[in-house]
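Survey of secondary and tertiary structure
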Amino acid sequence: MLAFRDFPGHVQLMLLTARTRLRESEIEQIHALTSGDLNEPLDWEQFLAVTAHHRVSSLVFESLESTRPPGLPEFVHSELQHRARHNAFEAVRSANEVRRMASAFTAAGIELRVLKGVPLSQFLFGNPNTRHVGDIDLLTEPSRLPEQIEILRTLGYDLINPKSRLTPQRIASYVHFWKDFTFLGHYSGFELDLHWRLFNNRFHVANRIVSEGNYETITAFGVPMRVFSPIDQFIYIAAHGALDAWTYLKSLADVSGFLRLFAPEELDQALIRAEELGLLSQISGAIHLANDWMGTAISNPRLISAEEPVGRRIRERTTSMLLRQNFKPNRSYASPAQWLRLEIDLVPGIRSLAEIASRFVWRPRVWAAVDLPDQLFWFYPILGLLLLPRHHSVED
């Protein structure tokens with residue numbers, strides 16, 4: 001398994017500069033790497049490639065701006081600055097879209113909460129621009145979904161997943177087996193995930209955060225957004241990263257940001273909460289990975305050993321994906337079987353296995369391939385066995 005020292009220089013520099021509240025020793029490492037004192041000259045093109053792929057360009061730019069390493073080439077600084085400015089523009093647009101949606105949903109008597117996004121950036125980094133802006137993730141109740149789809153349509157968002165015609169029975173099935181609808185804004189260009197739970201598998205214990213968690217309001221660009229409390233947000237981010245096999249190290253940068261921000265008593269509360277949820281193994285694995293790759297140096301007697309089987313297998317899978325794909329892994333390269341094994345690792349048990357199998361045969365892509373009336377809805381599991389799935393995707 002990879003240790004920090006095993007990474008090529010350009011990846012080491014990315015991992016160093018994707019940290020917040022840098023220590024003096026880390027700043028010295030940054031200067032040494034950029035000046036070529038520790039290794040051969042850095043491959044700066046690959047440095048730009050991995051920072052873009054792992055979605056940490058703005059965070060890296062801020063670190064380099066604050067540390068001012070003399071060996072940083074001008075073209076690298078210019079490119080990162082361009083990305084950071086673009087991300088800042090996207091962050092403002094994202095907050096404005098959330099404001100529009102929240103206003104429309106509130107007028108209809110429906111509450112929306114924000115997952116990750118610009119409020120998380122504001123909390124972790126003190127700047128809503130720092131964290132990479134991608135999709136908009138909102139959390140809602142699964143009731144009144146046809147009405148919510150219509151509200152979003154009036155705001156310029158079209159449903160793109162599931163792609164099939166929706167009926168009451170299809171909606172009920174989709175809500176049972178899947179966690180969100182995906183929309184695309186034909187004016188804004190944003191992809192929107194409208195969640196009713198956090199993970200597809202109903203037996204993933206982190207889903208309890210939705211009903212049991214604490215919420216607070218964070219304001220970014222003057223827009224108040226309802227979000228998970230910091231401890232619940234940390235647990236969600238860490239569990240999400242584990243299930244994603246840390247495909248994009250942005251999530252590990254988030255975990256590192258929390259760990260560098262938390263006071264010891266807050267971390268202790270987070271670990272107690274993780275243990276109550278049955279997530280201590282996954283959260284411990286995330287912390288050990290952050291210690292090794294992000295320099296967080298967290299020690300706590302509640303942590304489960306880094307050699308615990310589940311955490312070790314996740315790290316092995318993450319390392320394998322990094323090495324196999326030149327440090328730029330992609331979800332679409334993994335087979336459904338690989339993601340099945342990962343989900344079984346993280347959500348073990350007979351009920352979970354039955355859930356995964358049921359989700360396979362009730363795939364909504366089958367609805368689009370064969371459009372049956374609701375009276376024949378029972379026939380879809382048979383078709384689900386006959387139609388092979390594609391590579392891993394949000395839908396399949």
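Residues numbered from 1 in each chain as written. Predicted model: local features only at pLDDT ≥ 70, side-chain atom pairs only at ≥ 80, totals over all residues. Heavy atoms only, no water.

The helix and strand tally for the protein chain stands at 18 helices and 7 strands. The C-alpha atoms of the protein chain give 21 Å as radius of gyration, which agrees with the globular expectation for 396 residues (21 Å, within 12%). On the principal axes, the C-alpha backbone points of the protein chain span a range of 70 × 45 × 40 Å. Burial analysis of the protein chain (396 residues in total) assigns 55% to the buried set. Summarising the internal contacts of the protein chain: among those between residues at least 6 apart in sequence, 70% fall at separations of at least 24. One way to put it: in the protein chain the 41 positive side-chain charges average out to a point 5 Å from where the 45 negative ones average out. (Helix = DSSP H or I, 4+ residues; strand = E, 2+ residues; numbered from the N terminus. Rg over C-alpha atoms; globule rule 2.2 N^0.38 Å. Buried < 20%, exposed > 50% of the residue type's maximum accessible area, 1.4 Å probe, protein only. Contact = heavy atoms within 4.5 Å. Lys, Arg positive; Asp, Glu negative; His and termini not counted. Charge placed at Lys NZ, Arg CZ, Asp CG, Glu CD.)

On to the packing of aromatic side chains. Scanning all chains against the criterion turns up 21 aromatic pairs. A centroid spacing of 5.1 Å and a plane angle of 85° characterise the contact between F7 and W293, whose relative ring orientation is edge-to-face. One end of the pair, F7, is in the segment before α1 (9-17); the other, W293, is in helix α13 (residues 280-294), and 286 residues separate them in sequence. With respect to burial, F7 and W293 carry one shared label: buried. Taking 5.9 Å as the distance between ring centres and 55° as the angle between the ring planes, the aromatic pair formed by W367 and F377 counts as tilted. Placement of the pair is W367 in helix α17 (residues 364-369) and F377 in the loop between α17 and α18 (380-386), with a sequence separation of 10 residues. (Phe/Tyr/Trp six-rings, centres within 6.5 Å; stacked < 30°, edge-to-face > 60°.)

By size, the foremost hydrophobic cluster in this structure holds 78 residues, and its most contacted members are L15, F47, F234, I235, I283, I287 and W293. Residues within four places of F47 in sequence aside, it is in contact with H10, L13, M14, T17, V60, L64, V76 and L80. Within the second largest apolar cluster, 42 residues are counted, among which are I110, I151, L152 and F183. (Core = buried A, V, L, I, M, F, W, Y, C linked by side-chain atoms within 4.5 Å.)

Here helix α16 (residues 350-361) contains 12 residues, and its C-alpha end-to-end distance of 17 Å stays within 8% of the 16 Å for a straight helix at 1.5 Å per residue. By the burial criterion, the buried members of α16 are S352, E355, I356, R359 and V361. (Expected span 1.5 Å × (residues − 1).)

Further remarks concern helix α8 (residues 168-177). Inspection of α8 places R170, I171, S173, Y174, V175 and F177 among the buried residues, and these make up the whole buried set. In the core, the buried residues of α8 are packed alongside α7 (145-154), β3 (157-161), β4 (180-185), α16, α17 and α18.

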